[in-house]
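Observations on the model geometry
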Amino acid sequence: MATYYTNWSKSGGSSPNGAQYTVNGKNVTYYNDVKYKFVVTEKVDKDNNKSTFVVNKYAVFYYTWDDAPATLRITMKSKIPKSASYKSETKTVTSSKSSNGYVYVGQDSFTVSHNEDGTGSTTFVGLGTYTGGSGTVYTRTVSKNLDMTKINRTSTITSNATSSTKFGDTINFSINRKNSGFTHDIKYSMYDASGTIATNVSVSQEWTIPVSLISNTPNNSNPTITIICYTKSGNTVIGSESYSFKCLVPDDYKPLCSISIEEIGVVPNDWNVYVKGKSKLKVTVNTSKNIENDTASVKSIVSKIDNEIYQENPFSTNLLKNEGEIKINSIVTDSRGRTTEENKLIDVIDYFAPTILNCKIIRCNADGTLNDEGTYAKASIQYSIASVDNLNSKKVKVIYGSVEKSAILSDYEGTYTFTDLFSGLETNSSYNFEFQLIDQFEVIPQSFNLTPAYVTKSLLSGGKGVTFGQVATEEGLHSYMKSEFHDDLKSKNINVSGLKIEKNAEGSWILYAED
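An account of the accompanying structure is given in this report. (Residues numbered from 1 in each chain as written. Predicted model: local features only at pLDDT ≥ 70, side-chain atom pairs only at ≥ 80, totals over all residues. Heavy atoms only, no water.)

**Focus: the side chain of Ser330**
Here Ser330 lies in strand 24 (residues 324-334). A distance of 2.7 Å separates polar atoms of two side chains, one belonging to Ser330 and the other to Ser303. In this view, Ser330 contacts Ile259, Val285, Val302, Ser303, Thr340, Glu341 and Glu342; residues no more than four positions away in its chain are not counted. (Helix = DSSP H or I, 4+ residues; strand = E, 2+ residues; numbered from the N terminus. Polar contact = N/O pair within 3.5 Å; in protein donor to acceptor, adjacent residues only side chain to side chain. Contact = heavy atoms within 4.5 Å.)

Written out as structure tokens, the structure is:
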């Protein structure tokens, strides 16, 4: 809304020009002036690309000659645009003692069309006139250029794309235009890619979304495509509207992977098995693209085996700690967040270290018959070895000094007695032998002490020692036989396997543990 004023009538200026008189010795100013006001309001008709201008007309008759009011017949005219014909109202106006005492005269209205692009401008002209008592006609005018409110004449565009629309699908665009003569150019943009879909389109257009655009979205499986519709009147573009929708990269754009395994532990290569506690694996996850020239990249590879998680590729495991069927699981994630999963099963064979259940050396004769006083010795061992699918080696050794005897075992568990005898053993000497139970991975040792040969009674050279049941080797009384005493046994101190027996002050025997 805008308000426009004419100048004051008679004075011709922006302020009334009163007549000066002297009354009773005082200067007095009397007014007899007219001014016109036009209030212009625009009402926009978007559907018809027009505006209606409503002009409300007002006038003030500023009169102070008499106390009684005066009247004046005035005419007010207006027109929009300047080339139009005037519309006019005439009204008798009563005077006002105030220069702002406007009274309503009438209303005019004018309809003006906008340009095709919705813009527009026009001119307003307002005129006021009256005839004075002397017959003089007093006229005042005002003229203003008006900028019309712009109407959006740009067409809007939509499509039938849905949340499941994929690259390679065909969609249809619908255009709502404001004028049946308008045509449209349709373009698209997505990231750095852009192009023209069609030109001079009326109200609909079909489009197959190019699969080639997928190369521009390596990091997003559901990018946004923006459609720009340019509205044209003839060859003149009057505006544009955009519309966006999400488009899915097809599911077959995803990574592929396979798992390869290399045994890097201590298991012989020609065994072609995996062994608990002895096998280590070097695992390589080989990645590829399901669609050639796919621009997505591998972001992460996460693998799990034997309850351990690995995020490197390739990676080496710890020694396998479980037997049975073991699963290697790898998940590859690409830069779009697409994943692929691969599983590989391996059989891990149980393994335990060789176990010596019992071992011994016994004296014998040269033909192997037992003889507690023999100078030959026979070795035997009770054992258990993990078979590892009958691939494991099994061997036993007995060593005394520089003498070594060995045998390849025929079974993985049982008792083995050497037929090859140790010889040259003295009856009055003890000997320390070492057994070794050996498989592919471990050597398990165990010592055995062979005591001197058995005799009923043996006197130590020098006469300070006697031994029963074995050759005397040290001073004192020693018995390696079951002993029974049938008379009083008197002793101040008796030591029994860490226990001590003593007679106390009262004459009683007490048994206690030594510190």
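**Quick look at the environment of Arg336**
Tracing the backbone shows Arg336 in the loop between strand 24 and strand 25 (339-349). In this structure Arg336 comes out as buried when scored by relative accessible area, which is 7%. In the structure, Arg336 is positioned 114 residues away from Asn222 in sequence and 8.7 Å away in space, judged by C-alpha atoms. In this structure, Arg336 is in contact with Ile214, Thr217, Pro218, Asn219, Asn220, Ser221, Val249, Tyr253, Asp294, Thr295 and Ala296, ignoring residues within four places of it in sequence. In terms of polar contacts, Arg336 uses its side chain to reach the side chain of Asp294, at 3.0 Å. (Buried < 20%, exposed > 50% of the residue type's maximum accessible area, 1.4 Å probe, protein only.)

**Here's the deal with the sheet that holds strand 31 (residues 431-438)**
Read from one edge to the other, the open sheet built from 4 strands follows the order 29-28-31-32, with strand pairing classed as antiparallel. The open sheet has two edge strands with one neighbour each: strand 29 (403-408) and strand 32 (443-450). Between one strand axis and the next, the sheet turns by 20 degrees as a mean value, whatever way the strands run. Where strand 31 and strand 32 come together, 8 bridges link them in antiparallel fashion. When the bridges of strand 32 are listed, Ile438 appears paired with Val443. (Pairing = 2+ DSSP bridges. Axes fitted to C-alpha atoms, helices over the stretch in contact; angles between N-to-C directions.)

**A look at the nonpolar core**
The tendency in soluble globular proteins is for nonpolar side chains to be buried as a group. The biggest cluster of nonpolar side chains holds 25 residues, and the ones touching the most others in it are Phe167, Trp207, Ile225, Ile227 and Phe245. Contributions of two or more residues to this core are made by strand 12 (170-176), strand 13 (183-190), strand 14 (193-201), strand 16 (224-233) and strand 17 (236-246). Per-element accounting of this core gives the leading share, 4 residues, to strand 14. Sequence-distant contacts of Phe245, defined by excluding residues within four places in its chain, comprise Ala161, Ile171, Trp207, Ile209, Pro223, Thr224, Ile225 and Ile227. (Core = buried A, V, L, I, M, F, W, Y, C linked by side-chain atoms within 4.5 Å.)

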